[in-house]
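Residue-level listing of the chains:
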Amino acid sequence: MIVQAQIPIWIDCDPGQDDIVAITLAAYNPHLNLVGVSTVHGNATLDYTTRNALRFLTALNKMDVPVYPGSSKSLQGNIDGAPEVHGKTGLNGSKLLPEPMYAAKDHSDFFPALKRQIEKFKGQLCIAAIAPMTNIALFFRKYPELKKQIRFLTIMGGGFDLFNRNGVAEFNIFDDSQAAQEVLEDDILAQHILLAPLDTTSTVRATAEIRNKVLASQSVAKASNFRALMYELVHFFYLKVKERKGPDYAGPSVHDPVAIASLLETCGFEKELDCKYIRRAIDVVIDGKEDGATKMLSDKVHPERAVKILIDLNREKFWKVILNAYVEADKNAYINGVDRQKLIEEYRP
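Residue positions within a chain follow its written sequence, with the count starting from 1. With the structure being a predicted model, the display of local features is reserved for residues of pLDDT at least 70 and the display and counting of side-chain atom pairs for 80 or more, all residues being used for whole-chain, interface and lining totals. Water and hydrogen atoms were dropped before computing side-chain values, which therefore reflect all heavy atoms in the structure.

Undergrad: Residue-level account of the pairing of strand β1 (residues 7–13), with values.
TA: Consecutive residues of a regular strand have side chains that alternate between opposite faces of the sheet. Per-residue accessibility, obtained with a 1.4 Å probe over protein chains only, is compared with the maximum for each type, and a residue is labelled buried under 20%, exposed over 50%, and partly exposed between these values. Strands are runs of DSSP state E lasting at least 2 residues, helices are runs of H or I lasting at least 4, and numbering of each runs from the N terminus. Of all seven residues that make up β1, seven are buried, and the element is covered over most of its length. Taking every second residue as pointing to the same face, both faces of β1 are buried, with Ile7, Ile9, Ile11 and Cys13 on one and Pro8, Trp10 and Asp12 on the other. The pairing criterion for strands is at least two bridges between them, as found by DSSP. As paired strands, β1 and strand β2 (residues 32–39) are joined by seven bridges and run parallel to one another. Within the sheet, the bridge partner assigned to Ile7 lies in β2 and is Leu32.

Structure, rendered in structure tokens:
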């Protein structure tokens, strides 16, 4: 089998402290070609998630990556958010985020642009859905013929024994359970889905050791602006969760980049990640006391819509892949060429 030089990837996200780790990986791993970003309601409102994407891509010096605003509410009409984890903006924690140096594309251009990329790459484009799946469900409603033309749809979502919403659900699924049901229970899409559930992603922690490696300096004051930004954001994430988990909390889970890392391994790169999967069909509960719950079926039930579910990976190698992307980002980041005090004075939430 011939392995392509790079994986074209489109990220659908709701940035989010862990979303920006995923974006950094996609932007600066040599095996990934980030061709587009779309935003959706989720960790914050659509206005914030879109602005966050533009600000962070500006910080990374990736202003050539187009950003398309998607849906502002779930298929059920809900707008929730997670300010208790991510802050009101979805990306609270650092004043080193610059003002965007470019504008989002028009909402009406989103679906045609994604369609063009799928057709351009002729079965090679991968979509990373690391947010509520409203955009994904609506896109494939409009273009059902394109379901067969993507390579992989890698998803961060769902929980089978661990939950962070409603006592039985994971946030991305709970935030739009109808969209999740349409995507995860689709016979055609199932053949392309890689699912990184909460059970696995919650074991990938940004411990104090990892946070220090992110900073890569003796102090925030001595670190580059990029390193300081990434450290401050993950430290804010840590402190917000620690408020609920208690003083012995080791560090926040970084859920979203796990979905992209697993994609790298599945496509033939970063094999040392040693990802392990099982293949099962999933039912998604809509409404009622178990709204948003994901139910893993036995291997003999609905095999035609079984998805690959990530159950383990090498965490040490995962962080090596992430930190290698940080090294490259640090060499190229726009904000490293801007006076820090200027960034702080011009910061607007």
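Undergrad: Can you tell me about the pattern of salt bridges, naming the residues and giving the values?
TA: Salt bridges are defined by distance alone: a side-chain nitrogen of Lys or Arg within 4 Å of a carboxyl oxygen of Asp or Glu. Using the criterion set out here, one finds 15 salt bridges in the structure. One salt bridge in this structure joins Arg141 and Glu182, with 2.5 Å as the shortest N-O distance. Taken together, the residues Arg141 in helix α5 (residues 134–142) and Glu182 in helix α7 (residues 177–184) connect sequence positions 41 residues apart. Arg141 gets classed as partly exposed once you look at its relative accessible area, which sits at 44%. With a shortest N-O distance of 2.9 Å, Arg315 and Asp312 are connected by a salt bridge. Judged by relative accessible area, which is 29%, Asp312 ranks as partly exposed.

Undergrad: I'd like to hear about the environment of Asn336, residue by residue, with values.
TA: Along the polypeptide, Asn336 turns up in the loop between α13 (315–332) and α14 (340–346). For the pair Asn336 and Ile286, spaced 50 residues apart in sequence, the C-alpha to C-alpha distance is 46 Å. Any two residues whose heavy atoms approach within 4.5 Å at even a single point are treated as in contact. Excluding residues that lie within four positions of it along the chain, Asn336 makes contacts with Ser224, Asn225, Phe226 and Asp330.

Undergrad: Any details on the packing of aromatic side chains? Residues and values, ideally.
TA: Ring pairs are drawn from Phe, Tyr and Trp, using the six-membered ring of Trp, whenever the two centres fall within 6.5 Å, and their geometry is named by plane angle: stacked under 30 degrees, edge-to-face over 60, tilted for the rest. Scanning the entire structure with this criterion turns up ten aromatic pairs. An angle of 25° between the planes, with centres 5.5 Å apart, marks the rings of Trp10 and Tyr68 as stacked. One end of the pair, Trp10, is in strand β1; the other, Tyr68, is in strand β3 (residues 67–69), and 58 residues separate them in sequence. With respect to class, Trp10 is no different from Tyr68; both count as buried. Working rule: Lys NZ or Arg CZ, within 6 Å of ring centre, within 35 degrees of ring normal, means a charge sits over the ring. The ring of Tyr28 carries Lys62 above its face, with NZ or CZ at 4.8 Å from the centroid. Of note, Arg211 hangs over the ring of Tyr238, and the distance from its end group to the ring centre comes to 3.9 Å.

Undergrad: With reference to specific residues and values, describe unusual backbone geometry.
TA: With an omega of -15°, the peptide bond running from Pro15 to Gly16 counts as cis. On the secondary structure map, Gly16 appears in the loop between β1 and α1 (17–28). Here Asn61, not a glycine, exhibits a phi torsion of approximately 65°, which is positive. Within the secondary structure, Asn61 is located in the loop between α2 (46–59) and β3. The phi dihedral of His302 falls on the positive side, at around 50°, and the residue is not glycine. Inspection of the secondary structure assignment puts His302 in the loop between β9 (294–296) and β10 (307–312).

Undergrad: Would you mind going over the sheet that holds strand β6 (residues 193–196) in detail, with residue names and values included?
TA: Reading across the sheet, the eight strands line up as β3-β2-β1-β4-β5-β6-β10-β7 and stay open at both edges, with mixed pairing between neighbours. Sheet topology places β3 and β7 (276–280) at the edges, where each strand pairs with a single neighbour. Ignoring strand direction, the axes of neighbouring strands in this sheet form an average angle of 25°. The sheet contact formed by β1 and strand β4 (residues 126–129) spans four bridges and is parallel. Looking across to β4, one finds that Ile9 is bridged to Cys126. For helices, the fitted line uses only the C-alpha atoms of the stretch in contact; every axis is such a line through C-alpha atoms, and the angle between N-to-C directions lies from 0 to 180 degrees. This element, α2, spans β2 and β3 of the sheet and lies at about 150° to β2. Sheet contacts for helix α12 (residues 256–266): β1, β2, β4, β5 (152–156), β6, β7 and β10; angle to β5, the most-contacted strand, approximately 150°.

Undergrad: Let's hear about the nonpolar core: which residues, and what values?
TA: Among buried residues, those of type Ala, Val, Leu, Ile, Met, Phe, Trp, Tyr and Cys that are joined through side-chain atoms within 4.5 Å constitute a nonpolar core. Formed by 75 residues in total, the largest nonpolar core has its most connected members in Ile9, Ile11, Leu25, Leu34, Val37 and Phe318. Contacts of Leu25, omitting those with residues within four sequence positions, involve Leu32, Pro257, Ile260, Ala261, Leu264, Val321, Ile322 and Ala325. Ranked by size, the runner-up nonpolar core spans 36 residues in total, among them Ile118, Met133, Phe160 and Ile309.

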